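Architecture at a glance
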Amino acid sequence: MTNFKIYILALAFMGFQACAEKEIDVPEKVKTSFSKKYPEVKNVKWGKENETEWEAEFEWNGVEYSTSYSNDGTWKETEYEIDFSEIPENVTQIWEEKFE
């Protein structure tokens, strides 16, 4: 019975791995639009934000980015984190006045 349990656990793990590694079907228009905007980027992790929006996560020049596209390949936004010290002084002054 113990061997049977191990066999079942092994099958479940392999199935989980296959699902986790399954590549999602990103529309060609979205991939083409991304490639035009970021031709140097090779390793991209794609995901669905919702029914009409795709998100690409990637690293570029040592910075982690996230960018979104609609189903038809229209670029929507790009996000990346910056350090507080990179914010212009006039903006940090306002931030300190309002939020500290």
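This text gives an overview of the structure that appears in the document.

About the thresholds
Residues numbered from 1 in each chain as written. Predicted model: local features only at pLDDT ≥ 70, side-chain atom pairs only at ≥ 80, totals over all residues. Heavy atoms only, no water. Helix = DSSP H or I, 4+ residues; strand = E, 2+ residues; numbered from the N terminus. Buried < 20%, exposed > 50% of the residue type's maximum accessible area, 1.4 Å probe, protein only. Contact = heavy atoms within 4.5 Å. Areas by Shrake-Rupley, 256 points an atom, 1.4 Å probe, with all protein chains shown as cover. Salt bridge = Lys/Arg side-chain N within 4 Å of Asp/Glu carboxyl O. Core = buried A, V, L, I, M, F, W, Y, C linked by side-chain atoms within 4.5 Å. Phe/Tyr/Trp six-rings, centres within 6.5 Å; stacked < 30°, edge-to-face > 60°. Lys NZ or Arg CZ within 6 Å of the ring centre and 35° of its normal. Pairing = 2+ DSSP bridges. Axes fitted to C-alpha atoms, helices over the stretch in contact; angles between N-to-C directions.

**A closer look at the overall build of the chain**
- Of regular secondary structure, the chain possesses three helices and four strands.
- The order of helices and strands in the chain, counted from the N terminus, is α-α-β-β-β-β-α.
- Every one of the 100 residues in the chain was classed for burial, and the buried ones make up 21%.
- The contacts of the chain with a sequence gap of at least 6 include a subset with a gap of at least 24, amounting to 24%.
- Carbon and sulfur atoms form 54% of the exposed surface of the chain, whose accessible area is close to 8300 Å².

**Things to note about the pattern of salt bridges**
- Enumeration according to the criterion identifies two salt bridges in this entry.
- Salt-bridge contacts for Lys76 lead to Glu53; the nearest nitrogen and oxygen are separated by 3.6 Å. With a gap of 23 residues between them, Lys76 in strand 4 (residues 75–80) and Glu53 in strand 2 (residues 53–60) connect regions that are remote in the sequence.
- For Glu53, a relative accessible area of 12% gives the class buried.

**Some thoughts on the nonpolar core**
- Val26, Val30, Phe34, Tyr38, Val41, Trp46, Trp54, Ala56, Phe58, Tyr65 and Tyr69 form the largest nonpolar core, which has eleven residues in total.
- Ranked by the residues each element gives to this core, the list is headed by strand 2, at three residues.
- The residues contacting Tyr69, other than those within four sequence positions of it, are Val30, Ser33, Phe34, Lys37, Tyr38, Trp46, Thr52, Glu53, Trp54, Thr74, Trp75 and Lys76.

**Side note on the packing of aromatic side chains**
- Inspection of the entire model under this criterion finds ten aromatic pairs.
- For the pair Trp95 and Phe99, a centre-to-centre distance of 4.5 Å together with 40° between the ring planes defines the contact as tilted. With Trp95 and Phe99 both in helix 3 (residues 89–99), this residue pair falls four residues apart, about one helical turn.
- Residue Trp95 is classed as partly exposed on the basis of its relative accessible area, which comes to 43%.
- Phe99 sits in the exposed class, given a relative accessible area of 57%.
- Members of the aromatic cluster, connected to one another through ring pairs, are Phe34, Tyr38, Trp46, Phe58, Trp60, Tyr65, Tyr69 and Tyr80.
- Here the guanidinium or amino end of Lys37 rests over the ring plane of Trp75, the centre of that ring lying 4.3 Å away.

**Topic: the sheet that holds strand 1 (residues 45–50)**
- The strand order 1-2-3-4 describes an open sheet built from four strands, whose pairing is antiparallel. Strand pairing shows two members of the sheet lacking a second neighbour, strand 1 and strand 4, which therefore form its edges. Each strand axis lies, on average, 25° off the axis of its neighbour in the sheet, ignoring direction.

**Quick look at the side chain of Thr92**
- Relative to the helices and strands, Thr92 is located in helix 3.
- Contact partners of Thr92, with chain neighbours within four places excluded, come to Phe84 and Ile87.

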